[in-house]
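Here's the letter readout for the chains.
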Amino acid sequence: MRRAARELRLLARDPLLLGLVALIVAALLVFVLYPLVLVLRQSLATPDGLGLDNYRLLAERRLYRNALRNSVGVATLVGALSVVIGYVVAFTLSRTDVPLKRVLHNLTILPIVSPPFSGAISILFLFGFNGLVTRHLLGLRDFSIYGFWGVVASQVFTFAPIAYLSLRGVLAGIDPTLEDAAMNVGASRWQVFRRVVLPLSLPGVASAFLVVFIESMADFGNPLVLAGAAFPMLAPQAYLEITGSFNLPRGAMLAVVLLVPSLTAFAIQRYYIGRRQYVTVTGKPTSSTTKAVSAAGRWLLYAGVLLFALVVVAFYAVILVGATTAVWGFDYTPTLRHFRYVFDVGWDTVKDTVVIAVTSTPVSGLLGMLIAFLVVRRAFPGRRPMEFLSILNFAVPGTVVGIGYILAFNAPPLVLTGTLAILVLNFVFRYVPVGIQNGIAVLRQIDPSIEEAAQNLGADGVTTFRRVTLPLIAPAFFSGLVFAFVRAMTAISAAIFLVSANWNLMTVQILNQVGSGRLGVAAAFSIVLLGIVLVAVGVIGALVGRRAEAAATVRF
């Protein structure tokens, strides 16, 4: 208590900073915790008050049990396959000497900046009832891609790049002189990999698996497109309970059930595996003198990387062709009518999406850096709960967040349904955790005496953050901005509950067009969306990237 009182007194010396802390805590309570509490309460709602009636249905109804089993089974397999693919690509591009590394890296991460169900659309073009491969090349008439394997294929395509990015940093951080030392004492290449590289990278492997597991559990678009009625999954089933059966308590119950494995995986990843990292950066020279992979092994791994890159190219080529042909599967006459539809009928949706992304991105980026600064540089009562609350939404599936926002902001005292504000607030608080984590990582590498010097010269806390800290953490700010913009453009799971006639999103339009069988229009929307994202990432890089480079130069 004494320590808390002392920290509070110190914070009160800077009234502006104290007000800022109070404002952020209040915002986190209202826009993160309050909706989750309402989802939990709604899941307990019965005609007679509160009870466990809805949860008993989980044991009684085969549909719900199958949805839970299917979601966990798909997430487990997708996590394993994504980690294998991500590890092979990361190992090849970071620890072997192969050509076209930059091109292959960019191709591998391309699915991350695309709508999360672009892979599902490509799979329908290739393996659907009128698919190029199944119908036209193999002549199959009764082949169905819907169900378990369709969802797994589309999710692996979508989430393997996330595993790759996670493992790339882990493998690049392992000191190669350790492999030299092992080989110098007689170990074979396979023994070096099995006894040195693999054990050192295991925490990263486990972390990547859990991140992909969480993403797969929370995924909404791919299951809605490819699962089909015979293969229920939790996220779309919760949506259908609310929008199809108009049963909010059961939808909330399924959302809470969806929340349990996601939060469990998040807790394991953050508080157990996150602390089991091995330090191999010693400050000593790290150039390697031996090659840990034989020539044959290197080209075998390279072939695997090329294969995944070819799949990425093929999937996007199919979407481009689908967007510029009359009717996929029947009439391949070149046409631009799908794009004309996007820019005529769908133009308002394009504008809405860009306005929402442009509005939420800077707010999310600045809020992330501000919270990171407070967590790392300031001591005050409730700092750790504030950090936990600010990153909690990373583990919460979008379906849960969407339902929570409906419950929280559809009635007084704060009515936001159908407005721009509810979509912006959803994106800000849902995707700010990545910016916070990036900011914390960078801030812990910066000597706090720089900021102390500014304060000794008379700068208050806010001025110190704006004039000293923010320029130094520009790289983290840049990555937070890019992530927030990409997610605001491509997310759907929470937003599908919040769109209205006044404010709609391109991802929702894509999903609606797929549901209506207008795959050409869906492909055209996807191409336009991908083009906007790539242009925006380039613009953000040009605006913020130079400052990041300048800051890095000053710091080192």
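Nothing here was measured: the structure is a model prediction, and the numbers come from that model.

### Description of the overall build of the chain
Then comes step 1: Helix and strand counts for the chain come out as 24 helices and four strands.
Then comes step 2: Against the 2.2 N^0.38 benchmark of 24 Å for 556 residues, the chain shows a C-alpha radius of gyration of 25 Å, consistent with a compact globule.
Then comes step 3: Projecting the C-alpha coordinates of the chain onto the three principal axes gives extents of approximately 75 × 70 × 50 Å.
Then comes step 4: Taking the intrachain contacts of the chain between residues at least 6 apart in sequence as the baseline, contacts between residues at least 24 apart amount to 79%.
Then comes step 5: Element-wise, carbon and sulfur atoms account for 65% of the exposed surface of the chain, whose accessible area totals about 25,300 Å².

### Some thoughts on helix α8 (residues 148-172)
Then comes step 1: Taking 1.5 Å as the rise per residue, α8 with 25 residues should run 36 Å; its terminal C-alpha atoms sit 34 Å apart, in good agreement.
Then comes step 2: Taken as a whole, α8 carries its principal kink of about 35° at Phe157; the proline Pro161 stands between one and four residues after it.

### Description of unusual backbone geometry
Then comes step 1: Of note, the amide linkage connecting Pro412 to Pro413 takes the cis form, showing an omega dihedral of 15°.
Then comes step 2: With a phi angle near 60°, Leu100 is a residue other than glycine that sits in the positive phi range.
Then comes step 3: In this structure, Leu100 sits in the loop between α4 (62-95) and α5 (101-109).

### Notes on the pattern of salt bridges
Then comes step 1: Inspection of the entire model under this criterion finds four salt bridges.
Then comes step 2: Across the pair Arg56 and Asp53 runs a salt bridge, and its minimum N-O distance is 2.6 Å. One end of the pair is Arg56 and the other is Asp53, both in helix α3 (residues 53-60) and three residues apart, which spans about a single turn.
Then comes step 3: The partly exposed category is assigned to Arg56, whose relative accessible area is 47%.
Then comes step 4: Of the residues examined, Asp53 reaches a relative accessible area of 39% and is grouped as partly exposed.
Then comes step 5: A salt bridge links Asp348 to Lys351; the shortest N-O distance between them is 3.7 Å. Here Lys351 and Asp348 lie together in helix α16 (residues 347-377), a separation of three residues that amounts to about one turn.
Then comes step 6: Residue classification places Asp348 among the partly exposed positions, given a relative accessible area of 49%.
Then comes step 7: On the basis of relative accessibility, which here comes to 40%, the residue Lys351 falls in the partly exposed class.

### As for the packing of aromatic side chains
The description of an aromatic ring pair rests on the distance of the ring centres and on the angle between the ring planes.
Then comes step 1: Applying the stated criterion across every chain yields a total of 21 aromatic pairs.
Then comes step 2: Judged by centre distance (5.3 Å) and plane angle (20°), the rings of Phe31 and Phe429 are stacked. Pair noted here: Phe31 is in helix α2 (residues 15-43) and Phe429 is in helix α19 (residues 420-443), with a separation of 398 residues, a long-range link.
Then comes step 3: Under the relative-accessibility criterion, Phe31 is labelled buried at 13%.

### Examining the side chain of Thr399
Then comes step 1: The topology assignment puts Thr399 in helix α18 (residues 398-408).
Then comes step 2: The class for Thr399 is buried, based on a relative accessible area of 0%.
Then comes step 3: Thr399 has contacts with Phe220, Ala235, Ala238, Leu258, Ser493 and Phe497, leaving out every residue within four places of it along the chain.

### As for the pairing of strand β4 (residues 331-334)
Then comes step 1: Note: strand β3 (residues 325-327) against β4, two bridges, orientation antiparallel. Across the sheet, the residue bridging to Thr325 is Pro334, located in β4.
Then comes step 2: Between β3 and β4, which follow one another and run antiparallel, lie three residues, and Gly329 among them has a positive phi close to 95°.

### Looking at the side chain of Gln509
Then comes step 1: Residue position: Gln509 is located in helix α23 (residues 506-515).
Then comes step 2: The exposure class of Gln509 is buried, given its relative accessible area of 16%.
Then comes step 3: Residues within four places of Gln509 in sequence aside, it is in contact with Thr349, Asn504 and Phe525.

### Examining the packing of α16 against helix α21 (residues 461-472)
Then comes step 1: The N-to-C vectors of α16 and α21 enclose an angle of 110°; their axes lie 12 Å apart at closest approach. Here α16 is positioned roughly perpendicular relative to α21, judged by the angle of their axes. The residues of α21 that touch α16, namely those facing Leu366, Met369, Leu370 and Phe373, are Gly461, Phe465, Thr469 and Leu470.
Then comes step 2: Tallied by class, the residues present in the contact of α16 with α21 amount to six nonpolar, two polar and no charged.

### Some thoughts on a nonpolar patch on the surface
Then comes step 1: Where nonpolar side chains cluster on the molecular surface, the patch consists of Leu29, Val30, Leu33, Tyr34, Val37 and Leu414 and spans about 440 Å² of accessible area.
Then comes step 2: Structurally, Leu29 can be placed in helix α2.

### Remarks on the confidence of the model for the chain
Then comes step 1: Taken over all residues, the pLDDT of the chain has a mean of 84, while the share at 70 or more is 93%.
Then comes step 2: Mean pLDDT in the chain bottoms out at helix α1 (residues 2-12), which sits at 72, and peaks at helix α15 (residues 337-344), which reaches 94.
Then comes step 3: Ignoring residues within four places in sequence, the model shows residues 551-556, a span with pLDDT below 50, making four contacts including any to other chains.

### Notes on the environment of Tyr302
Then comes step 1: With respect to the element layout, Tyr302 can be found in helix α14 (residues 295-323).
Then comes step 2: Put simply, Tyr302 and Thr349 are 47 residues apart on the chain and 41 Å apart in space, counted from C-alpha to C-alpha.
Then comes step 3: Once residues lying within four places of it in the same chain are set aside, the contact partners of Tyr302 are Thr92, Val98, Pro99, Leu100 and Leu104.

### Re helix α12 (residues 234-243)
Then comes step 1: With respect to burial, α12 is a largely interior element, eight of its 10 residues being buried.
Then comes step 2: Among all positions of α12, only Leu234, Ala235, Pro236, Gln237, Ala238, Tyr239, Glu241 and Ile242 are buried.

### Here's the deal with the packing of α4 against α14
Then comes step 1: With their axes 9 Å apart at the nearest point, α4 and α14 run at an angle of 120° to one another. Here α4 lies oblique to α14, going by the angle between them. Here the hand of the crossing between α4 and α14 comes out left-handed. Where α4 abuts α14, its residues Ile85, Val88, Val89, Phe91, Thr92 and Leu93 lie against Leu301, Tyr302, Val305 and Phe308.
Then comes step 2: For the contact of α4 with α14, a count of residues per class yields nine nonpolar, one polar and no charged.

So, how was this worked out
- Residues numbered from 1 in each chain as written.
- Predicted model: local features only at pLDDT ≥ 70, side-chain atom pairs only at ≥ 80, totals over all residues.
- Heavy atoms only, no water.
- Helix = DSSP H or I, 4+ residues; strand = E, 2+ residues; numbered from the N terminus.
- Rg over C-alpha atoms; globule rule 2.2 N^0.38 Å.
- Contact = heavy atoms within 4.5 Å.
- Areas by Shrake-Rupley, 256 points an atom, 1.4 Å probe, with all protein chains shown as cover.
- Expected span 1.5 Å × (residues − 1).
- Bend = angle between axes of the 7 residues up to and from the residue.
- Salt bridge = Lys/Arg side-chain N within 4 Å of Asp/Glu carboxyl O.
- Buried < 20%, exposed > 50% of the residue type's maximum accessible area, 1.4 Å probe, protein only.
- Phe/Tyr/Trp six-rings, centres within 6.5 Å; stacked < 30°, edge-to-face > 60°.
- Pairing = 2+ DSSP bridges.
- Axes fitted to C-alpha atoms, helices over the stretch in contact; angles between N-to-C directions.
- Parallel < 35°, antiparallel > 145°, perpendicular 65-115°, else oblique.
- Nonpolar A, V, L, I, M, F, W, Y, C, P; charged D, E, K, R; others polar.
- Patch = residues over 30% accessible without salt bridge, like charges linked within 9 Å, V, L, I, M, F, W, Y side chains within 5 Å.
- pLDDT = per-residue confidence, 0-100.
- Left-handed = near helix turned anticlockwise from the far one by under 90°.

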